[in-house]
Amino acid sequence: LIEQVDKEFLQNNFEDNDGNLFKNLGWSKLEWLGDNKLDYKQSFVLKTNEEADDWTRFIDFVDLLNNADTVSFENQIESIFNVELFLRTLAVDVATANWDSYLEHGRNYYMYQDSITNKFNWIPWDYNFALGGTFNLSDTNEEDCFVVPYFLTLTNGTTTIQLFDDSFSSD
């Protein structure tokens with residue numbers, strides 16, 4: 001079951017669909033690439049307002065993520081990014097073992113800059129690898145984190161999910 005992330009999706013989930021919708025093309029952890037929008041077009045595509053082609057707020061957001069000092073980041077992030085929505089999405093990614101996401105690979109997401117609030121909203125995409133594997137949060141193998149969901153069908157016909165923390169350290 002797939003719902004396209006498009007103008008209709010935006011209209012159904014936000015107060016309007018006039019903002020900028022950016023689609024991640026894969027493998028980007030929102031690294032700072034400078035002020036030129038052309039540098040970001042290898043990893044993102046603007047799916048709405050293509051004629052205006054305004055990447056200013058997107059570049060400002062990436063700049064804040066990568067270059068702000070701690071105090072500036074803490075003071076500004078919630079004014080331009082829906083942090084609560086992002087954290088809830090990450091929780092679902094962990095709970096469903098969705099390793100093919102931003103969390104592990106920097107992929108499978110959209111960001112919508114709401115034209116009313118001017119905040120970026122995280123929209124997850126492509127959960128086809130969820131519930132079927134594990135993911136590694138470490139590039140160094142010093143600490144690995146595996147969350148494995150087990151589905152049990154109970155005799156009364158309901159389904160429950162049990163999450164087992166199989167975390168381990170190489171020490």
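These numbers come from a predicted model, not from an experiment.

Undergrad: Looking at this model, I keep getting lost on the nonpolar core. Mind explaining?
TA: For soluble globular proteins, the rule of thumb is that nonpolar side chains tend to be buried together. Among the nonpolar cores identified, the biggest contains 21 residues, and Leu30, Trp55, Phe58, Phe61, Met111 and Trp122 are the most heavily contacted of them. The leading source of residues in this core is helix α2 (residues 56-67), at five residues. The residues contacting Trp122, other than those within four sequence positions of it, are Leu30, Phe81, Leu85, Phe86, Thr89, Tyr102, Tyr109, Tyr110 and Met111. The next biggest cluster of nonpolar side chains, apart from the first, holds eight residues, and it includes Val5, Phe14, Leu21 and Tyr110.

Undergrad: Hey, could you run me through α2 in this one?
TA: With twelve residues, α2 ought to run about 16 Å at 1.5 Å a step, and its terminal C-alpha atoms sit 16 Å apart, in line with that. Against the buried residues of α2 lie β1 (20-24), β2 (44-46), α3 (70-80), β3 (109-113) and β4 (120-124).

Undergrad: Any chance you could explain the sheet that holds β2 here in plain terms?
TA: As a general point, the strands of a sheet are linked pairwise by backbone hydrogen bonds and lie either parallel or antiparallel. Strand order in the open sheet formed by four strands is β2-β1-β3-β4, and the pairing between neighbours is antiparallel. Either end of the sheet is taken by a strand with one partner, and the two such strands are β2 and β4. On average, each strand axis in the sheet is inclined to that of its neighbour by 25°, with strand direction left out of account. Pairing of β1 with β3, which is carried by four bridges, proceeds in the antiparallel orientation. Bridged to Phe22 within β3 is Met111.

Undergrad: Please explain empty space enclosed by the protein as it appears in this structure.
TA: Applying the stated criterion across every chain, the model contains one cavity of 30 Å³ or more. Roughly 30 Å³ of volume is contained in the largest cavity. Every residue lining the largest cavity is listed: Thr89, Asp93, Asn98, Ser101, Tyr102, Asn108, Trp122, Pro124, Trp125 and Tyr127. Secondary structure elements with two or more residues in the lining of the largest cavity: α4 (83-95) and β4. Classifying every residue of the lining of the largest cavity by side-chain character gives five nonpolar, four polar and one charged.

Undergrad: Explanation requested: the packing of aromatic side chains in the structure shown.
TA: Aromatic ring pairs are defined here through the distance separating the ring centres and the angle between the ring planes. Tallying each qualifying case throughout the model produces 19 aromatic pairs. With centroids separated by 6.5 Å and ring planes inclined at 85°, the aromatic side chains of Phe81 and Trp122 adopt a geometry described as edge-to-face. Taken together, the residues span a long stretch of sequence, with Phe81 in the loop between α3 and α4 and Trp122 in strand β4 at a distance of 41 residues. Judged by its relative accessible area of 6%, Phe81 falls in the buried class. Among the aromatic side chains, those forming a connected cluster through ring pairs are Phe22, Tyr40, Phe44, Trp55, Phe58, Phe61, Phe81, Phe86, Tyr102, Tyr109, Phe120 and Trp122.

Undergrad: I'm lost on the pairing of β4 in this one. Help?
TA: Two faces, one strand: in a regular strand the side chains alternate between the faces of the sheet. With four of its five residues buried, β4 lies for the most part within the structure. Hairpin connection, β3 to β4: the antiparallel pair is bridged by six residues, and Asn118 has positive phi, about 65°.

Undergrad: Sorry, what's going on with unusual backbone geometry here?
TA: Only a minority of non-glycine residues have a phi that is not negative, and only a minority of peptide bonds are not trans. With a phi close to 50°, Asp53 is a non-glycine residue in the positive phi region. For Asp53, a relative accessible area of 18% puts it in the buried group. For Asn108, which is not a glycine, the phi torsion comes out positive at approximately 65°. Tracing the chain through its elements places Asn108 in the loop between α5 (102-105) and β3. In this structure Asn108 comes out as buried when scored by relative accessible area, which is 11%.

Undergrad: Got a minute to help me understand the environment of Phe22 in this structure?
TA: For Phe22, the location among the structural elements is in strand β1. Of the residues examined, Phe22 reaches a relative accessible area of 0% and is grouped as buried. C-alpha separation for the pair Phe22 and Ser43, spaced 21 residues apart in sequence, amounts to 9.9 Å. Apart from residues lying up to four places away in sequence, Phe22 is in contact with Val45, Leu46, Asp54, Trp55, Phe58, Tyr109, Tyr110, Met111 and Phe120.

Definitions and limits used
- Residues numbered from 1 in each chain as written.
- Predicted model: local features only at pLDDT ≥ 70, side-chain atom pairs only at ≥ 80, totals over all residues.
- Heavy atoms only, no water.
- Core = buried A, V, L, I, M, F, W, Y, C linked by side-chain atoms within 4.5 Å.
- Buried < 20%, exposed > 50% of the residue type's maximum accessible area, 1.4 Å probe, protein only.
- Helix = DSSP H or I, 4+ residues; strand = E, 2+ residues; numbered from the N terminus.
- Contact = heavy atoms within 4.5 Å.
- Expected span 1.5 Å × (residues − 1).
- Pairing = 2+ DSSP bridges.
- Axes fitted to C-alpha atoms, helices over the stretch in contact; angles between N-to-C directions.
- 1 Å grid on protein atoms, 1.4 Å probe; cavity = no way out; pocket = protein on both sides within 12 Å on 5 of 7 lines; lining within 4 Å.
- Points joined across faces, edges and corners; volume = space filled by probe spheres on them.
- Nonpolar A, V, L, I, M, F, W, Y, C, P; charged D, E, K, R; others polar.
- Phe/Tyr/Trp six-rings, centres within 6.5 Å; stacked < 30°, edge-to-face > 60°.

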